[in-house]
Amino acid sequence: MNQGSSVDIYTEWDIVAARQLGRNEAKKIGFGIVDQARITTAISELARNIYLYAGTGRIEIEQVSENGVQGLVIIARDNGPGIPDVRKVMEDGFTTSGGLGAGMPGVRRLMDAFSLETEVGVGTTITITKWVR
Amino acid sequence: MNQGSSVDIYTEWDIVAARQLGRNEAKKIGFGIVDQARITTAISELARNIYLYAGTGRIEIEQVSENGVQGLVIIARDNGPGIPDVRKVMEDGFTTSGGLGAGMPGVRRLMDAFSLETEVGVGTTITITKWVR
Amino acid sequence: MPREVGEQYKKILKKYITNQSEVDLYAGQNFSKQFIEKEISPEDLISIHKTAVEEMVANLPTEVPHSFDFLIEMMIHYGLALKEHQSLLKKQEEHETELTIAAKVQDTLLKTKIPNIKGLDIGLLSVPAEKISGDYIYFMDEKENFASVAVADVIGKGIPAALCMSMIKFGMDSLHNGESCPHNVLDVVNRIVEKSVDDSMFISMFYGKYDARNSVFLYSSAGHEPALLYKASKGIFIKLDAKGLLLGVKKNVIYEENSVVLEEGDFIAMMTDGVTEVRTEEGFIDEFLIESLLSKVKDNTAQQMVDSVFKELEQMQNFELRDDFTIVIFKKDEKV
Amino acid sequence: MPREVGEQYKKILKKYITNQSEVDLYAGQNFSKQFIEKEISPEDLISIHKTAVEEMVANLPTEVPHSFDFLIEMMIHYGLALKEHQSLLKKQEEHETELTIAAKVQDTLLKTKIPNIKGLDIGLLSVPAEKISGDYIYFMDEKENFASVAVADVIGKGIPAALCMSMIKFGMDSLHNGESCPHNVLDVVNRIVEKSVDDSMFISMFYGKYDARNSVFLYSSAGHEPALLYKASKGIFIKLDAKGLLLGVKKNVIYEENSVVLEEGDFIAMMTDGVTEVRTEEGFIDEFLIESLLSKVKDNTAQQMVDSVFKELEQMQNFELRDDFTIVIFKKDEKV
Ligand SMILES: [Mn+2]
Ligand SMILES: [Mn+2]
Ligand SMILES: [Mn+2]
Ligand SMILES: [Mn+2]
């Protein structure tokens, strides 16, 4: 991990701030315009989930590099209620956000790697990664 | 039925001619640009099916009006092999054209009305209608 | 996505912008189908389009590329919905395969042997509305001179119904020959169903037993569709019904048992409600339609009769079965 | 689609083009979700966009509106795919409902009673990969002092497997107590499966019988995953396996029967391959992982043990079960 920065999520404005930070970082390390939009959308969904379901939390963004390939790691942390049925949340067509194709499966599809840790009553941490192609 | 015109389908060029005729007629009676494209696409699919599966046939286009609403009726006729399993051809995800979302269910979705008559060894007639909104 | 796609797109777009001819739109649309097959997202398409326009149009106002950036952002969710669709299509295909295998397993599990009785012509047909059937025909293994059949319908269809069917089959297999008079069979099967199945699942069953020595047909019914008896001598139909609750409602049920005697040319048609409650676009069919359909073909073999009834009803409902369709005919015919 | 949508879109687009700020992109994207919910096609979106740009940008080169016309044509098939998706989602929902009912029926059909034996602590967990399970745990009705369990896995999963399961259940129910030593049970069940099921459907089964009077555990296996015996005195694991073909392959199979004696603190874990063949993103799990997971919780109750193993393995495979997961533990514990 080289550089890091983060945005605390309290209000809907912070969702925009997290998006902006993600887009800047993505542009900086050379992602194309469409991938910038994808990364930003993924951050947006995660931040919005924090805002809606956990109340507060934080989005951390880090540049990484592996075997000479640059990438961006985004970590969404909250101390919210946790997700009781992770399999359901990861299922297509059962998005918490209500929209078609969005939600957690959408975030996973937008990125190259996705991992989720959650404990009911303790909180949720989601880590996503995308590599510059 | 007021006016009619038609294109015989023998070659792939005739598909283009049928599309052009359909688009002109659609524009003439006041369809917007997106509906023009939808009608043209539906004609394209029908003409292509004739070309690919029946060999030859004909696309007929007629202006209609009902209760003061203008519309376009398109009839695709062929004396081809007929469709042995209509239920299958009308099913989503089983398109003869191979593409996602296209095929007969696609044509049905692009238009306001759809009807199909077919007899194995005799031929197929498909009639589709769209009304100006 | 590959560079050549962008180049090819630009070429077609350029031709269209120059000529605005239909042939270029046709080419473009065929190209777009390939895009979808190659899982190129709509946001990628907009990005390709933006690049093409920027390279092609001199003095492009800066608002235009900005507007494309906005459009890309708008398209992301459309792209996601499309990706979800592609994965759902795969799932759907797996599911169809699974159902096909299940239907095969069901066929094997529920196979039954048609009895071969002197003077009795038997015809049967069972067509599921979907892949998996909730109707059931079962011929009991009987002593010589006897032909016994159970015609059953699980309330509801599809997979839950199929699970219940396999239970009934094993329940019936466990019966001893001695218990096989109709009201006893229903009593035993009712106990099994009542014990094993949850409260929301009910089964109707008609059970008939034909004795070739005296041409007597004994029958009981657990809330099932009445059978139809055709009396050849009078040319009339008589409903055969017997009192009795659906299987699985409560433990102790008394099933009525009735009997009729068959004469030459008489036949009994036992059916499920998928036959009698056919719906056409105009509504339910007339009560007497089945009788008239049977009447028309009464001189054919029992198998030809059931086939013909199905064919006519299938046509009437536009080839869309709304319920599993099952019919069995016992016909007294000394030539058999 | 309504005129106001176009107006609202133009407003947001205009703001973005003026400021190019993130907040407008966020607003736009939220708006696009609504578009999708209202089933506004992507070709409609392009058309709205075209109108907005035409109204907004002065001196727009004619190539730009032409390019949008072309883009609309390209988008039609994307729009169709999306509409197909919306209808498939509805179908999928109906299917899910059917499976939910089927799962409930399966639960009722396959319910089994955990034996209550002095000195034996029993824990069990069976989690289907999808709604319908192809794994099966069945405790036989036994005389006092005995606890017998069958752990089975139909090759394949889902609905066909469920149909087979219900057959096995009724096969086992038909067994008399006298036949219940493990190799006999497998022999009887094998005959039933061989007779009733088509050739492509196989079942593996581990059958164990514990005698509380002498702490002897007898077991046989029909091509099933070996069980794991933990010897508390030595702190080691021993695989329990017995020779025998899968159920349903051929009629006459001789099933080997072996035995072990349990001492205080010993336990036996019987599993299906959904436990041992867990795959993580890095590949299959290590052979000894299950042993180490069991080891860690060996002092807990049998039920806590199976729960804990499941929780750890579920996490490792990112909450996606690839196969039905079933584990039963028999633990000798004098306090019970
Ligand atoms: Mn039914
Ligand atoms: Mn029915
Ligand atoms: Mn299995
Ligand atoms: Mn398995």
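Cut-offs and rules
Counting restarts for each chain: residues are numbered from 1 in the order of the written sequence. Chains carry letters from A onward and ligands carry numbers from 1 onward, assigned in written order. It should be noted that, the model being predicted, local features are given only for residues of pLDDT at least 70 and side-chain atom pairs only at 80 or more, the latter also being counted only at that level, while totals for whole chains, interfaces and linings use all residues. Note: side-chain values were computed over all heavy atoms of the structure, leaving out hydrogens and water. We count a stretch as a helix when DSSP gives it H or I for four or more residues in a row; a strand needs E for two or more, and each element gets its number in order from the N terminus. Here's how the labels work: a residue is buried when its accessible area is under 20% of the maximum for its type, exposed when over 50%, partly exposed in between, all with a 1.4 Å probe on protein chains only. We call two residues contacting when some pair of their heavy atoms lies within 4.5 Å. Per-residue accessibility takes into account occlusion by the displayed protein chains alone, with areas from the Shrake-Rupley method and a 1.4 Å probe. Here a donor is an N, O or S atom found within 2.8 Å of the metal, or within 3.2 Å if the metal is Na, K or Ca; sites may look incomplete because water is not among the atoms. In superposing the copies, a least-squares fit is computed on C-alpha atoms, taking residues whose pLDDT is at least 70 in both. By definition here, a helix of n residues has an expected span of 1.5 Å times n minus one. Two strands form a pair only when DSSP identifies at least two bridges running between them. For salt bridges, the criterion is a side-chain nitrogen of Lys or Arg within 4 Å of an Asp or Glu carboxyl oxygen. Patch membership requires over 30% relative accessible area and the absence of a salt bridge. Like charges are linked within 9 Å, and nonpolar side chains (Val, Leu, Ile, Met, Phe, Trp, Tyr) within 5 Å. For any pair of parts, buried area is found by adding up, for both, the accessible area (1.4 Å probe) each one loses once the two are put together. Nitrogen and oxygen atoms within 3.5 Å of one another constitute a polar contact, given that in protein one can donate a hydrogen and the other can accept it, and given that sequence-neighbouring residues count only through two side-chain atoms. How far each domain reaches was decided by an automatic or database domain assignment. Summary of the metric used: pLDDT quantifies the predictor's per-residue confidence within the range 0 to 100. The angle between two axes is taken between their N-to-C directions and runs from 0 to 180 degrees, where each axis is a line fitted to C-alpha atoms and a helix contributes only its stretch in contact.

- With an unreviewed UniProt entry as reference, chain C is termed PP2C family protein-serine/threonine phosphatase, source organism Sporosarcina siberiensis.

- You'll find chain A entered in an unreviewed UniProt entry as Anti-sigma regulatory factor, with Sporosarcina siberiensis given as the organism.

1. Brief notes about the overall build of chain A
Stage number 1. Per the secondary structure count, chain A includes 4 helices and 5 strands.
Stage number 2. Walking chain A from its N terminus toward its C terminus, one meets helices and strands in the order β-α-α-β-β-α-α-β-β.
Stage number 3. Evaluated residue by residue, chain A yields a buried proportion of 54% over its 133 residues.
Stage number 4. In chain A, the share of contacts with a sequence separation of at least 24, taken over all contacts with a separation of at least 6, comes to 61%.
Stage number 5. Split by element, the accessible area of chain A, about 5800 Å² in all, is 47% carbon and sulfur.

2. Side note on the coordination of the manganese ion (ligand 4)
All names here are of chain D.
Stage number 1. At this site the manganese ion (ligand 4) is bound by Asp-153 (OD), Asp-273 (OD) and Asp-323 (OD), with donor distances of 2.1 Å.
Stage number 2. The motif formed by the donor residues of the manganese ion (ligand 4), counted along the single chain, is D-x119-D-x49-D.
Stage number 3. Between the manganese ion (ligand 4) and the manganese ion (ligand 3), a separation of 3.5 Å is found, and both are coordinated by Asp-153. Of the two residues, Asp-153 is situated in strand β3 (residues 146–154) and Asp-273 in helix α7 (residues 273–276); the sequence distance between them amounts to 120 residues.

3. Quick look at unusual backbone geometry
Residues and elements named next belong to chain D.
Stage number 1. The phi dihedral of Gln-20 is positive, around 50°, even though this residue is not glycine.
Stage number 2. Structurally, the position occupied by Gln-20 is in the loop between α1 (3–19) and α2 (22–37).
Stage number 3. Overall, the relative accessible area of 39% leaves Gln-20 in the partly exposed class.
Stage number 4. With phi around 55°, Glu-39 is a residue other than glycine that occupies positive phi space.
Stage number 5. Positionally, Glu-39 belongs in the loop between α2 and α3 (42–56).
Stage number 6. Accessibility expressed as a relative area gives 44% for Glu-39, which makes it partly exposed.

4. So, the relation of the copies chain C and chain D
Stage number 1. With an RMSD of 2.2 Å, the fit of chain C onto chain D corresponds to turning through 180° and sliding 1.8 Å along the axis. The transformation just described matches what one would write down for a two-fold rotation axis. Across chain C, the smallest distance between a C-alpha and the rotation axis is recorded for His-85 of chain C, namely 2.2 Å.
Stage number 2. The fraction of interface residues of chain C whose copies in chain D are also interface residues reaches 100%, indicating that both copies meet through the same surface.

5. Description of helix α5 (residues 159–173) of chain D
Stage number 1. In this model, α5 of chain D (15 residues) spans 22 Å end to end at C-alpha, consistent with the 21 Å of a helix rising 1.5 Å per residue.
Stage number 2. Among the 15 residues that make up α5 of chain D, 14 are buried, leaving the element largely enclosed by the rest of the structure.

6. Here we look at the arrangement of the chains
Stage number 1. The assembly contains 5 pairs of chains in contact; the pair sharing the most contacts is chains C and D.
Stage number 2. Between chain A and chain B there is no contact, and the shortest C-alpha to C-alpha distance separating them is 17 Å.

7. Regarding the pairing of strand β3 (residues 69–78) of chain A
Residue and element names in this part refer to chain A.
Stage number 1. Among the 10 residues in β3, 7 count as buried, and that is most of the element.
Stage number 2. Where strand β2 (residues 57–66) meets β3, 10 bridges bridge the pair, whose relative direction is antiparallel. Each bridged residue has a counterpart across the sheet, and for Glu-66 the counterpart in β3 is Val-69.
Stage number 3. Between β2 and β3, which follow one another and run antiparallel, lie 2 residues, and Asn-67 among them has a positive phi close to 50°.

8. Section: the pattern of salt bridges
Stage number 1. Considering all chains together, one arrives at 50 salt bridges over all chains under this definition.
Stage number 2. Lys-28 of chain B serves as the salt-bridge partner of Glu-25 of chain B, at 3.2 Å between the closest nitrogen and oxygen. Here Lys-28 of chain B and Glu-25 of chain B lie together in helix α1 (residues 12–28), a separation of 3 residues that amounts to about one turn.
Stage number 3. The salt bridge involving Glu-96 of chain C is made with Lys-131 of chain C; its shortest N-O contact spans 2.7 Å. Residue Glu-96 of chain C is located in helix α4 (residues 63–109), and its partner Lys-131 of chain C is located in the loop between β1 (120–127) and β2 (135–139); the two are separated by 35 residues in the primary sequence.
Stage number 4. On the basis of relative accessibility, which here comes to 34%, the residue Lys-131 of chain C falls in the partly exposed class.
Stage number 5. One continuous salt-bridge network, built from bridges that share partners, spans Asp-35, Arg-38 and Arg-133 of chain A together with Glu-43 and Asp-44 of chain C.

9. Remarks on a nonpolar patch on the surface
Stage number 1. Judged by side-chain polarity, Tyr-51, Leu-52 and Tyr-53 of chain B come together as a nonpolar surface patch covering roughly 290 Å² of accessible area.
Stage number 2. Its location among the elements puts Leu-52 of chain B in helix α2 (residues 33–54).

10. Section: the interface of chain C and chain D
Stage number 1. At the junction of the two partners, chain C supplies 77 residues and chain D supplies 77 residues.
Stage number 2. Buried area between chain C and chain D, both sides added, is near 6800 Å², and the carbon and sulfur share of it is 74%.
Stage number 3. Sorting the residues of chain C by area buried against chain D places Phe-70, Tyr-78 and Leu-163 of chain C first, and these three jointly supply 12% of that buried surface.
Stage number 4. On the surface where chain C and chain D come into contact, there are 0 salt bridges.
Stage number 5. Inspection of the region where chain C meets chain D yields 12 residue pairs in polar contact (both at pLDDT 80 or more).

11. Topic: the interface of chain C and chain B
Stage number 1. Contacts between chain C and chain B engage 14 residues on the former and 17 residues on the latter.
Stage number 2. With both chains or domains summed, chain C and chain B bury close to 1500 Å², and 54% of this area falls on carbon and sulfur atoms.
Stage number 3. The largest contributions to the chain C side of the interface with chain B come from Glu-22, Tyr-26 and Lys-33 of chain C, which together make up 43% of the buried area.
Stage number 4. Inspection of the chain C/chain B interface yields 3 salt bridges.

12. Remarks on the domain arrangement of chain C
Stage number 1. Entries for chain C in the domain assignment read domain 1 (3–87) and domain 2 (114–332).
Stage number 2. Domain 1 of chain C and domain 2 of chain C are separated by 61 Å when their C-alpha centres are compared.

13. A few points about the confidence of the model for chain A
All names here are of chain A.
Stage number 1. Taken as a whole, chain A shows an average pLDDT of 89; of its residues, 89% reach a score of 70 or greater.
Stage number 2. Within chain A, no element has a lower average pLDDT than helix α3 (residues 86–89), which sits at 82, and none a higher one than β3, at 97.
Stage number 3. Every residue in residues 95–100 scores below 50 in pLDDT, and together they form 17 contacts with partners more than four places removed in sequence or on other chains.

14. Quick look at the sheet that holds strand β5 (residues 216–222) of chain D
Residues and elements named next belong to chain D.
Stage number 1. Spatially, β2-β3-β4-β5-β8 is the arrangement adopted by the 5 strands of the open sheet, whose pairing is antiparallel. Two strands bound the open sheet, and with one partner strand each, they are β2 (135–139) and β8 (258–261). Between one strand and the next, the sheet's axes are offset by a mean angle of 15°, whatever the strand orientation.
Stage number 2. Taken together, the 5 bridges between β2 and β3 define a ladder with antiparallel strand orientation. Pairing of Asp-135 across the sheet is with Asp-153, part of β3.
Stage number 3. Here α5 sits on the sheet in contact with β2, β3 and β4 (203–211), set at roughly 15° to β2.

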